[in-house]
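# Residue-level structural notes
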Amino acid sequence: MAPNADRHAEIWSTRLQRELLALTTQTEATEGEQKQQPLLPPFVKVMKHELVIEKGVCNISFMIDTKEQDEDASNPIIVTLDASLAMTEQGQVDATKMAYPFQKPKAILASGCERFAEGSTVTNGSVIDIDCDWTPSLHLSDAALNVALKIRECLSQGELYYASGTGPDQPFLDPVLEEAVKGAKKLGNFFTNMKAHVPGLSSPGQDAAPDPGPVPEHAPVVKDESSIKVGDVIDLSDSPWSDCAGSYSSK
């Protein structure tokens, strides 16, 4: 690995080992010590986790306890956070690319899609959004709590739940088509600006811009102090404007 890749892999593995240990163990406080607060609320429970450092794989699954009275225990809502390293096309670990904790993990709905309101686009296996401005100071527990709160709110209000990139505010657009649309808009703006700044340039079928006529000459220089008025041009190097009793610096 390159030096940067080694550093990325070291940060990734050290951080995840520490976080998984904190999430999966509950330390009892000894006498005189303050009891440590749990990282997750009671309605978010760790189900299983996987960390294979050699393969760059890290997955942790959480079960979300909703507020529904008739909750189906046989169909729980389980979300998996995937914080694995990127892979090359050959299936090798690519530690040169940005990874956790510098980018947020991928959240995947593992089970429970049937519990959401009709019209929701999320299915088991869908990627779901983590709606927060991610920074390295956030943790897997923050991502799990963010998703859990959103899911509980959707179920309690009967709202639709969308897979990542399919919501009403995020219409799907093919990346190639999106780049083509952006290029067409830039080209259109270029020709619009050109027509506005180049005289006589017009589109086919349009009349050319009217001739503005000759450019007016500068107003004559006034040399008589008795007939000067606002807007007149004077030459300070000529008399009588050059007559003065002293000179003063101007800043």
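Throughout what follows, the structure given in this document is the object of discussion. Every value quoted in this text rests on a predicted model; they were computed, and no experiment measured them. (Residues numbered from 1 in each chain as written. Predicted model: local features only at pLDDT ≥ 70, side-chain atom pairs only at ≥ 80, totals over all residues. Heavy atoms only, no water.)

### A look at the overall build of the protein chain
Helix and strand counts for the protein chain stand at three helices and seven strands. Order of helices (α) and strands (β) in the protein chain, N terminus to C terminus: α-β-β-β-β-β-β-β-α-α. Evaluated residue by residue, the protein chain yields a buried proportion of 25% over its 251 residues. For the protein chain, the proportion of contacts with a sequence separation of at least 24, taken over those separated by at least 6, is 55%. For the protein chain, the accessible area works out to roughly 17700 Å², and carbon and sulfur atoms hold 54% of it. (Helix = DSSP H or I, 4+ residues; strand = E, 2+ residues; numbered from the N terminus. Buried < 20%, exposed > 50% of the residue type's maximum accessible area, 1.4 Å probe, protein only. Contact = heavy atoms within 4.5 Å. Areas by Shrake-Rupley, 256 points an atom, 1.4 Å probe, with all protein chains shown as cover.)

### Re the pattern of salt bridges
All told, the structure shown has three salt bridges when counted by the stated rule. The partner of Glu10 in a salt bridge is Arg7, and the shortest N-O contact between them spans 3.6 Å. Of this pair, Glu10 and Arg7 both sit in helix 1 (residues 3–24), three residues apart, which is roughly one turn of the helix. Using a relative accessible area of 44% as the deciding quantity, one classes Glu10 as partly exposed. As a salt-bridge pair, Arg15 and Glu19 come within 2.5 Å of each other at their nearest N and O atoms. You can see Arg15 and its partner Glu19 sitting in helix 1, four residues apart, about one turn around the helix. Arg15 gets classed as buried once you look at its relative accessible area, which sits at 10%. (Salt bridge = Lys/Arg side-chain N within 4 Å of Asp/Glu carboxyl O.)

### Some thoughts on the environment of Ile108
Along the chain, Ile108 turns up in strand 6 (residues 106–111). Its relative accessible area of 22% is what places Ile108 among the partly exposed residues. Separated by 19 residues in sequence, Ile108 and Val127 have C-alpha atoms that sit 4.5 Å apart. With near-sequence residues (within four places) excluded, Ile108 lies in contact with Ile78, Val79, Thr80, Asp82, Gly125, Ser126, Val127 and Ile128.

### Considerations on the pairing of strand 2 (residues 57–64)
Counting buried positions along strand 2 gives six out of eight residues, so the element sits mostly inside the fold. As paired strands, strand 1 (residues 44–52) and strand 2 are joined by eight bridges and run antiparallel to one another. Following the sheet pairing, Lys45 is matched in strand 2 by Met63. Adjacent in sequence and paired antiparallel, strand 1 and strand 2 are bridged by four residues, among which Gly56 carries a positive phi angle near 70°. Of the strand pairs in this sheet, strand 2 and strand 3 (residues 77–82) are connected by six bridges, and their pairing is antiparallel. If you follow Ser61 over to strand 3, its bridge partner there is Thr80. (Pairing = 2+ DSSP bridges.)

### A closer look at the nonpolar core
Leu81, Leu140 and Ile151 are the most contacted members of the largest nonpolar core, which has 35 residues in total. Those elements that provide at least two residues to this core are helix 1, strand 2, strand 3, strand 6 and helix 2 (140–157). Not counting chain neighbours up to four residues away, the residues in contact with Leu81 comprise Cys58, Asn59, Ile60, Phe62, Pro105, Lys106, Ala107, Ile130, Leu140, Ala143 and Ala144. (Core = buried A, V, L, I, M, F, W, Y, C linked by side-chain atoms within 4.5 Å.)

### Details of the sheet that holds strand 2
Overall, antiparallel pairing links the five strands, which are arranged 1-2-3-6-7 in an open sheet. Single-partner strands in this sheet number two, and they are strand 1 and strand 7 (127–128). Sitting on the sheet, helix 2 touches strand 1, strand 2, strand 3, strand 6 and strand 7, and the angle it makes with strand 3 is about 150°. (Axes fitted to C-alpha atoms, helices over the stretch in contact; angles between N-to-C directions.)

### Quick look at the packing of aromatic side chains
The description of two aromatic rings rests on the distance between their centres and on the angle between their planes. By the definition in use, this model includes two aromatic pairs. Relative to Trp134, the ring of Tyr100 lies with its centre 6.0 Å away and its plane at 45°, an arrangement referred to as tilted. Of the two residues, Tyr100 is situated in the loop between strand 5 (93–94) and strand 6 and Trp134 in the loop between strand 7 and helix 2; the sequence distance between them amounts to 34 residues. Taking relative accessible area as the criterion, Tyr100 reaches 3% and is therefore assigned buried. (Phe/Tyr/Trp six-rings, centres within 6.5 Å; stacked < 30°, edge-to-face > 60°.)

### So, the side chain of Glu19
A residue is classified by how much of its surface remains accessible, and Glu19, at 7% relative accessible area, is buried. Within the local environment of Glu19, its side chain forms a polar contact with the side chain of Arg15, the two groups lying 2.5 Å apart. Among the polar contacts listed, one links the side chain of Glu19 to the side chain of Tyr100, at a separation of 2.6 Å. Excluding residues that lie within four positions of it along the chain, Glu19 makes contacts with Tyr100, His139 and Leu140. (Polar contact = N/O pair within 3.5 Å; in protein donor to acceptor, adjacent residues only side chain to side chain.)

### Describing a nonpolar patch on the surface
On the surface, a cluster of nonpolar side chains totalling about 260 Å² of accessible area is made up of Ile228, Ile234 and Leu236. Mapping Ile228 onto the fold places it in the segment after helix 3 (175–197). (Patch = residues over 30% accessible without salt bridge, like charges linked within 9 Å, V, L, I, M, F, W, Y side chains within 5 Å.)

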